[in-house]
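Commentary on secondary and tertiary structure
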Amino acid sequence: MKKFVQLTTLLIITALTLFGCGTAKASESVETVKIAYLPITHSLAALEEADELADNENVRVELVKYGSWPELLDALNSGQVDGASVLIELAMKSKAEGVGIKAVALGHKDGNVIVVSNDVKSGADLKGKTIAIPHRQSSHNILVNDALSKDGLSIDDINVVELAPTEMPSALAAGTIDGYCVAEPFGAMGVSIGAGKVLYTSEELWEDSVCCALVLTDDFIENHKDTAKLFVEGYKTAGNNLDADTAKKVAKEYLNQKDDVLDISLKWISYDNLEITKEQYEELAEKVKTYGLSDNPPAYEDFVENDF
Ligand code: ZN
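Bear in mind that the values here come from a model prediction, so they are computed numbers and not experimental data. (Residues numbered from 1 in each chain as written. Predicted model: local features only at pLDDT ≥ 70, side-chain atom pairs only at ≥ 80, totals over all residues. Heavy atoms only, no water.)

1. Some words on the overall build of the chain
Using the following cut-off: Runs of E in the DSSP output that reach at least two residues are strands. Runs of H or I that reach at least four are helices, and both are numbered from the N terminus. We call a residue buried when its accessible area falls under 20% of the maximum for its residue type, exposed when it is over 50%, and partly exposed in between, using a 1.4 Å probe and counting protein chains only. We call two residues contacting when some pair of their heavy atoms lies within 4.5 Å. In short, Shrake-Rupley with a 1.4 Å probe defines the accessible areas, and a residue's cover is counted only from the protein chains shown. Note on charges: Lys and Arg go in the positive column, Asp and Glu in the negative column, and His and the chain ends are not counted at all. To locate a charge, the coordinates of NZ of Lys, CZ of Arg, CG of Asp or CD of Glu are taken.
Regarding its fold elements, the chain presents 14 helices and 12 strands. C-alpha atoms of the chain, sized along the principal axes, occupy 100 × 40 × 30 Å. Of all 308 residues assigned to the chain, the portion counted as buried reaches 52%. Contacts spanning at least 24 positions in sequence make up 80% of the contacts within the chain whose residues lie at least 6 apart. Total accessible area on the chain is roughly 14,200 Å²; 50% of this is exposed by carbon and sulfur atoms. The centroid of the 27 positive side-chain charges in the chain is displaced by 4 Å from the centroid of its 51 negative side-chain charges.

2. Considering the coordination of the zinc ion
Octahedral metals with six donors have ideal donor angles of 90 or 180 degrees. Tetrahedral metals with four donors have an ideal donor angle of 109.5 degrees. Condition: Donor atoms: N, O and S within 2.8 Å of the metal, or within 3.2 Å for Na, K and Ca. Because water is excluded, sites can look incomplete. Every angle between 85 and 135 degrees makes a four-donor site tetrahedral, while opposite donors more than 155 degrees apart, with all other angles between 65 and 115, make a four-donor site square planar and a six-donor site octahedral; other sites are irregular.
In this structure, H42 (ND1), H108 (NE2), C211 (SG) and C212 (SG) serve as the protein donors to the zinc ion, at separations of 2.1 to 2.2 Å. Each of the 4 donor atoms bound to the zinc ion contributes to angles spanning 88 to 116 degrees, and the resulting shape is tetrahedral. One chain supplies every donor to the zinc ion, and in sequence these donors are spaced H-x65-H-x102-C-C. Each member of the pair, C211 as well as C212, is classed as buried.

3. Details of the packing of helix α2 (residues 44-52) against helix α11 (residues 244-255)
Quick note on the threshold: In this description, a line fitted to the C-alpha atoms serves as the axis of each element, helices being fitted only across the stretch in contact, and the angle between N-to-C directions of two axes falls anywhere from 0 to 180 degrees. An angle below 35 degrees is read as roughly parallel, one above 145 as roughly antiparallel, one from 65 to 115 as roughly perpendicular, and any other as oblique.
Between α2 and α11, the shortest axis-to-axis distance is 10 Å and the interhelical angle comes to 90 degrees. Classified by the interaxial angle, the pair formed by α2 and α11 is roughly perpendicular. Of the residues in α11, those touching α2 at L44, L47, E48, A50 and D51 are T246, A247, V250, A251, E253, Y254 and L255.

4. A word on the domain arrangement of the chain
Quick note on the threshold: Each domain's limits were defined by an automated method or a database of domain assignments. The term buried area denotes the loss of accessible surface (1.4 Å probe radius) that occurs when two parts are joined, taken as the sum for both partners. Salt bridges are identified by distance alone: a Lys or Arg side-chain nitrogen within 4 Å of an Asp or Glu carboxyl oxygen. We define a polar contact as two N or O atoms separated by no more than 3.5 Å, with the added condition that, inside protein, one atom must be a possible hydrogen donor and the other a possible acceptor, whereas residues neighbouring each other in sequence contribute only through side-chain atom pairs. Polar here means any residue other than Ala, Val, Leu, Ile, Met, Phe, Trp, Tyr, Cys and Pro, which are nonpolar, and Asp, Glu, Lys and Arg, which are charged; Gly is therefore polar.
Segmentation of the chain into domains returns domain 1 (31-110 + 211-303) and domain 2 (113-205). Between the C-alpha centres of domain 1 and domain 2 there is a distance of 23 Å. When domain 1 packs against domain 2, the two sides together hide about 2,200 Å² of surface, and 65% of this comes from carbon and sulfur. For the domain 1 face of the interface with domain 2, the top three residues by lost area are W268, Y291 and L293, together amounting to 30%. Seen at the junction of domain 1 and domain 2, the total is 1 salt bridge. For K287, the salt bridge is made with D146, and the minimal N-O distance between the two is 3.0 Å. Run the count over domain 1 and domain 2 and you get 9 residue pairs in polar contact (both at pLDDT 80 or more). Among the elements of the structure, α4 (88-96), α12 (259-265) and α13 (278-290) are those that each provide at least two residues to the side of domain 1 that touches domain 2. Broken down by element, the side of domain 1 that touches domain 2 gets its largest block of residues, 4 residues, from α12. Here the residues of the side of domain 1 that touches domain 2 sort into 11 nonpolar, 5 polar and 5 charged.

5. A short note on the sheet that holds strand β1 (residues 31-37)
Basically, it comes down to this: In this description, strands pair whenever DSSP reports at least two bridges between them.
Strand order across the open sheet formed by 5 strands is β2-β1-β3-β11-β4, with mixed pairing between neighbours. Two strands bound the open sheet, and with one partner strand each, they are β2 (59-65) and β4 (101-106). Strand-to-strand twist in this sheet, taken as the mean axis angle between neighbours without regard to direction, amounts to 30 degrees.

6. Considerations on the confidence of the model for the chain
To be explicit about the condition: pLDDT is a per-residue confidence score from the predictor, ranging from 0 to 100.
With 91% of its residues at a pLDDT of 70 or more, the chain has an overall mean of 92. Scored below 50 in pLDDT, residues 1-5 shows 0 contacts in the model against residues more than four places distant or in partner chains. For the stretch residues 7-26, pLDDT sits under 50, and the model shows 0 contacts to residues farther than four places along the chain or on other chains.

7. Some details on the side chain of D82
With respect to the helices, strands and loops of the structure, D82 is situated in the loop between α3 (69-77) and β3 (83-87). Buried and unpaired, D82 has no salt bridge, with K34 as the nearest side chain of opposite charge at 7.2 Å. At a separation of 2.8 Å, a polar atom in the side chain of D82 contacts the main-chain amide nitrogen of K34. Apart from residues lying up to four places away in sequence, D82 is in contact with T32, V33, K34, V215, L216, T217 and F220.

8. A look at the environment of D272
Its place among the elements puts D272 in the loop between β12 (269-270) and α13. On the accessibility criterion, D272 (32% relative accessible area) is partly exposed. Here the alpha-carbon distance between D272 and L153, two residues 119 residues apart in the chain, equals 34 Å. Residues in contact with D272, not counting those within four places in the same chain, are K109, G239 and N240.

Here it is as structure tokens:
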């Protein structure tokens, strides 16, 4: 009888263990990638991917929204998130300062404009004007420099101010600034409210311009190699799926912007083929050095990860 009790107990324990393991395995097979983003059209590929993978059995995206680049960067640099959709120059600076991150894809292609007050007739009129950018470490800074050099001017000929993106359209309307270049849809917003007009689109200044990147921490890539691979593949697929209608749908879901603002803005941007090529990156690194954003941008081989 004692033997029978022991045997039953053993069977129960075995069953519980097996059942327990089975449950653990099922939940372990789905891995979540925590991605920081700002509610801008430049992060739509990450937002679309989160929607597309919502019911995926292997990898899902947990989006963490931030209100500014410095806040997002803090979270990325301190490892509170696994990755981010971020201005590539900010990520390059973090990398140069020793933060373990890799750029695994572009955020988008094109998609920036320089908006100026209606009385600015040409690039030459920018002399002596006040132009806002979101951050010194940005392609917006580079594009303003490119615009000035087109007309034989330099950054010393204008006043550059750093301003929060959300404040730029109203600052232009109020005449506090004469123009700005920033992540979308804030350029489109300035146009939509009649505060200004487009002086240059990014492709008129810098063909195949690079702006935002999707980055992952080295820690995440090293410890979750398979998930990182699935995540990056899913991200590129999501980018390729962002046609005009899908982009508008996702933008409306996450950005809380008016239809006409999105309609103007989404004409300027695309999300297909988001791999970062060496040629694109080297052109960016050259501009970063030329315009004084950084003397030592990270090498492509150290910073960009395409093979998983
Ligand atoms: Zn961008």
